[in-house]
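Architecture at a glance
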Amino acid sequence: MILISHRGNIDRINRELENTKDYIDQAIDKGFEVEIDIWLVDKELFLGHDEPERKVELGWLHARAEKLWIHTKNSDALEFFITHRDLNFKFFWHTVEPFIITSNGKIWAHDYANVKNPSTCIIPPLSLEQIENTENRNWYAVCTDFPEIYKKRLI
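If you're wondering where the values come from, they're calculated on a predicted model, not measured in any experiment.

Further remarks concern the environment of Glu16. Residue position: Glu16 is located in the loop between strand S1 (2-6) and helix H1 (21-29). C-alpha of Glu16 to C-alpha of Asp37: the two residues are 21 residues apart in sequence and 14 Å apart in space.

Right, let's talk about the side chain of Thr20 for a bit. With respect to the secondary-structure elements, Thr20 resides in the loop between S1 and H1. Take Thr20: its relative accessible area is 13%, and that puts it in the buried class. At 2.5 Å, the side chain of Thr20 forms a polar contact with the backbone oxygen of Leu17. Not counting residues up to four positions away in its chain, the partners in contact with Thr20 are Leu47 and Arg54.

With that out of the way, let us pick up the side chain of Thr102. Mapped onto the elements, Thr102 comes out in the loop between strand S7 (99-101) and strand S8 (107-109). Not counting the four nearest positions on each side in its chain, Thr102 is found in contact with Trp69, Phe91, Phe92, Trp108 and Ile122.

Here we come to the nonpolar core. Among the nonpolar cores identified, the biggest contains 33 residues, and Ile36, Ile38, Leu61 and Phe81 are the most heavily contacted of them. Elements that contribute at least two residues to this core include exactly H1, strand S2 (33-41), strand S3 (44-47), helix H2 (58-63), strand S5 (68-72), helix H3 (75-83) and strand S9 (121-123). Counting residues per element, this core draws most heavily on S2, at 4 residues. Once you skip the residues sitting within four places of it in the chain, Phe81 turns out to touch Ile38, Leu45, Leu61, Ile70, Thr72, Phe89 and Phe91. In this structure, Trp69, Ile100, Trp108 and Ala141 belong to the second largest nonpolar core, which totals 8 residues.

How each quantity is defined
Residues numbered from 1 in each chain as written. Predicted model: local features only at pLDDT ≥ 70, side-chain atom pairs only at ≥ 80, totals over all residues. Heavy atoms only, no water. Helix = DSSP H or I, 4+ residues; strand = E, 2+ residues; numbered from the N terminus. Buried < 20%, exposed > 50% of the residue type's maximum accessible area, 1.4 Å probe, protein only. Polar contact = N/O pair within 3.5 Å; in protein donor to acceptor, adjacent residues only side chain to side chain. Contact = heavy atoms within 4.5 Å. Core = buried A, V, L, I, M, F, W, Y, C linked by side-chain atoms within 4.5 Å.

Rendered as C-alpha cells:
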C-alpha cells in the first residue's frame, strides 16, 4: 500500500507549511508520496489549496514526478497536465465528486464504503476519526494528513 501525504502533512494539518516545496520534500524524504494542489495562471504554475500562492517550476515538479499526485485546481492546470502526459505526472481533477479517475487509472474514492476492488482505489481519510474507522482492505493507496499515524496502524 502506498501512503500519500496530503499536501506534505505527516502527523497533523499545518496550513502554514502545506503545499510548500520544503514541506513536500520533507514528506518525500520520509518515504511518502505527496498529493499537492497545482494552479496554472498566466502560463505559470503555482502551489496552493484555495488559490494560487507559491510559484513552482515545471522542472521541480518533474524531478519529483514519481512521488507526486497532482490535484489540478483549475481547468487551465488540468489542460496543462493533459498536454504534458509525456512527462508521466499522476494528476486528477476533483471538486465534490464521490469518485474520480486519476491519470494513471486509479479510482480516488471519497465514498469508499462499497468499493468492490480496493486494490485499484485511493482513499482519503482526512481526520483521525476516519483513520480509526477505516477498514484495512488492501487499498492501492491512502492519502491523509496523518500518514505517520496510519503507517503505525498498519504495523
